Each structure stands twice: as structure tokens, then as C-alpha cells.
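Structure at a glance
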Amino acid sequence: MQYRKLGTSGMYVSAIALGNWATHGETVDQDLATECVRKALDLGITTFDTADAYAGTKAESMLGEALKGVRREGVEIMTKAFFPTGPGKNDRRLSRKHVMESINGSLSRLQMDYVDVYQAHRYDYESPLEETMGVFADIVHAGKAHYIGVSEWTVEEIRAGAALAAELGIRLVSSQPQYNMLWRVIEPEVVPVCEELGITQVCWFRRRAGVLGPQEAGDWIISGPRPRGGAVLERKLGLMLKPCSEFIFSWRPGTRPGYGDRGRSGRCASELVKDRGREASGSAGEESQDQG
């Protein structure tokens, strides 16, 4: 296993991390979750990524249980806040109230005193950025997190967040975007800006729910536990996916690829796949919102 520094921090992380979105608590029970975590440790993986909203908070609890007895200083734990964790209006987003309650809930479920990286799971357009970064700074200064990160933020949001973090005496070290062969919108702007600011990309959905997995007879197959979106592609669309070369980008010349909000951009290959499937089967039904 290779190990790399996260952003401009002095902390090393494993080049491959184990995330538990749409697995622990959804398609994987505790015994199998523990087996996977222990196997990852055996292979040299020391970095684990989760979020409070995954599996309705169960994913954090299962990761904490799986790591019982593991030397805390020997692993790096990343979790996130933003998506709903309850029915109330304040059980979501990045207000001071929710973020402070979220970190306490996450630490309780993980059975830990601190996390290594606490991440804003999305940008909150309803809370002032100053409020959000202020509570993140308080969490770091209280010793409940070492560093902060963001997920699916635009270039402008990353720049503003990094500047505020520096003013508050904390370090924004990571950006967690979706990135794979079918979804590469971070390349033109996000990656260069993050390199300039000393922020590492911690990418999710690298295999696109199995679409970028093993090949058989020239067609892509979906195998093993996967997010619900992948199950929709296989079960509801009844679509055998073609090799990826047929579906690479549909970016329109002269337009900026969207980031975080697909409505701002030309359609990506995965959306073409879904559209073709709908044409073939009528209706694909509703898919759950991606929370990676």
C-alpha cells in the first residue's frame, strides 16, 4: 500500500480508502462489514470514509463496531454532515446547530473521541458560509476533528471556504468529488484550483456502481454489493451497458461542465445510459439521491 499526505497537512492517508456508502447497514450486515474492514486493514488500508446520513446513521455505527479494538492512532477516519439525519427542519444542512449536533452524534456512533477529517457533505445555500466555517473551526479547536474537507463544492465555493478556514486558523485539506471515466467534470477547474490551494481529491464512485467493473462478452456487468442507483440500472432498466468508449462525454463545445449540480452542464455519459434505458423500458422509477 502507498501512503500520501492529505493536502498540505502533515497527515498521511492510504492511497486507497474504504468507504461505506450504500453498503454498511443497507446491503451489508455487521459481520460482513467487520470482515471487510479487517481485510482492508490487512491489506494496508488505514483510511475509512463514512457519513452521518449513510443508511440512516447505521453506517457510522457499523464502522465503529468493526474498528473495535483497532489502535485509534493507526487509522484515519473521515465523516461528513449535511444530509438529513432526522425529520426536523434542523436535522440537515450546515447550520451551527446541526453541525455541532452532528459531530457529537457521529463521535458517539463511531465510538471515538475525534475524527481525522470532518467534511461538509454538500454546500449549504441556506446557511451563511461564515456560520458553517465558524462551527467547523470550533470543532477543530475543541479537538473533535483534526482537519476539515468538503464534498461536491464548486471552484468558487472551495476558494471561499479555504480562505475562511485559513482566517479561522484551521486547514481545509480535502475535496471529495465524484470522479470516474464516465464523470470527469472536475478536471478543467476543480483539480487545478485544489492543487493551487493544497487540497487533495478524495474521489468517490470510481467504478460507477459496478458499471466500470468486469467485462463479459463485450458488455459491462454489475456484480456484488452496489448502491441503489446501480441496482436500478440493472433491474428496472433491463439494460446491458455497452463498453464505456461508446458513452464517453456529451459535453457541448464552449460550455463549462457542471460540478455538483448536473442541471448546470451538458449531460454526462451516465445520463445518456439512463435515457437510453428509459426509452427501452418506459419508466425507470425514482432513484435515490447520490450521497457519496
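See the structure printed just above.
Now for a look at the structure at hand. Each chain has its residues counted from 1, following the order in which its sequence is written. With the structure being a predicted model, the display of local features is reserved for residues of pLDDT at least 70 and the display and counting of side-chain atom pairs for 80 or more, all residues being used for whole-chain, interface and lining totals. To obtain the side-chain values, all non-hydrogen atoms of the structure were used and water was disregarded.

A short note on a nonpolar patch on the surface
A cluster of nonpolar side chains, contributed by Met1, Tyr3, Tyr12 and Ile16, occupies part of the molecular surface with about 420 Å² of accessible area. For the purposes of this entry, the term helix denotes a DSSP run of H or I that reaches at least four residues, the term strand denotes a run of E that reaches at least two, and both are numbered from the N terminus. Assignment of secondary structure puts Ile16 in the loop between strand E2 (12-14) and strand E3 (18-19). Excluding any residue in a salt bridge, patches collect residues exceeding 30% relative accessible area, merging like charges within 9 Å and nonpolar Val, Leu, Ile, Met, Phe, Trp and Tyr side chains within 5 Å. Where accessible areas are quoted, they stem from the Shrake-Rupley method and a 1.4 Å probe; at the residue level, only the protein chains shown are allowed to cover. Each salt bridge in this description consists of a side-chain nitrogen of Lys or Arg and a carboxyl oxygen of Asp or Glu lying within 4 Å of one another.

Thoughts on the nonpolar core
Ranked by internal contacts, the top residues of the largest apolar core, which has 46 residues, are Phe48, Ile77, Val115, Tyr118, Phe136, Ile148 and Trp153. Broken down by element, the residue count for this core peaks at 7 residues, all from helix H4 (residues 129-141). Here a residue-residue contact requires only that any non-hydrogen atoms of the pair lie within 4.5 Å. Residues within four places of Ile148 in sequence aside, it is in contact with Val117, Tyr118, Met133, Phe136, Val140, Ala165, Ile170, Arg171, Leu172, Val173 and Ser174. Put simply, buried Ala, Val, Leu, Ile, Met, Phe, Trp, Tyr and Cys residues joined by side-chain atoms within 4.5 Å make one nonpolar core. To sort residues, take the accessible area from a 1.4 Å probe on protein chains only and compare it with the maximum for the residue type: under 20% means buried, over 50% means exposed, and anything in between is partly exposed.

Some remarks on the side chain of Thr57
Examined against the element boundaries, Thr57 turns out to sit in the loop between strand E4 (47-49) and helix H2 (58-66). Judged by relative accessible area, which is 18%, Thr57 ranks as buried. Beyond its immediate stretch of four places on either side in the chain, Thr57 contacts Asp52, Thr85 and Arg109.

Quick word on helix H6 (residues 190-197)
What H6 keeps buried is the set Val190, Val193 and Cys194. Projection of H6 onto a plane perpendicular to its axis shows the buried side chains occupying an angular sector of 100°, all on one side. When the buried face of H6 is taken as reference, the exposed residues oriented beyond 90 degrees from it are Glu195 and Glu196. Against helix H5 (155-167), strand E8 (172-176) and strand E9 (200-201) lie the buried residues of H6. Summarising the geometry, the arc corresponds to the directions from the helix axis toward the C-beta atoms.

Some remarks on unusual backbone geometry
Here the phi dihedral of Gln111 falls at roughly 60°; this positive angle occurs in a residue that is not glycine. Tracing the sequence through the fold places Gln111 in the loop between helix H3 (96-110) and strand E6 (115-120). One non-glycine residue with positive phi stands out, namely Glu152, at about 60°. Relative to the assigned elements, Glu152 resides in the loop between strand E7 (145-151) and H5.

Observations regarding the packing of H5 against H6
Between two packed helices, what matters for the description is the angle formed by their axes and the separation of those axes. Packing of H5 against H6 leaves a shortest axis separation of 10 Å and a crossing angle of 15°. Relative to H6, the element H5 lies roughly parallel. You can see that H5 and H6 cross each other, and the crossing is right-handed. Facing Val155, Ile158, Arg159 and Ala162 of H5, the residues of H6 in contact are Val190, Val193, Cys194, Glu196 and Leu197. Every axis in this analysis is a line fitted to C-alpha atoms, fitted for helices over the stretch in contact. Angles between the N-to-C directions lie between 0 and 180 degrees. If an angle is under 35 degrees, it is roughly parallel; if it is over 145, roughly antiparallel; if it lies from 65 to 115, roughly perpendicular; otherwise it is oblique. If you view the pair so one helix is near and one far, a crossing is left-handed when the near helix is turned anticlockwise from the far one by less than a right angle, and right-handed when it is turned clockwise.

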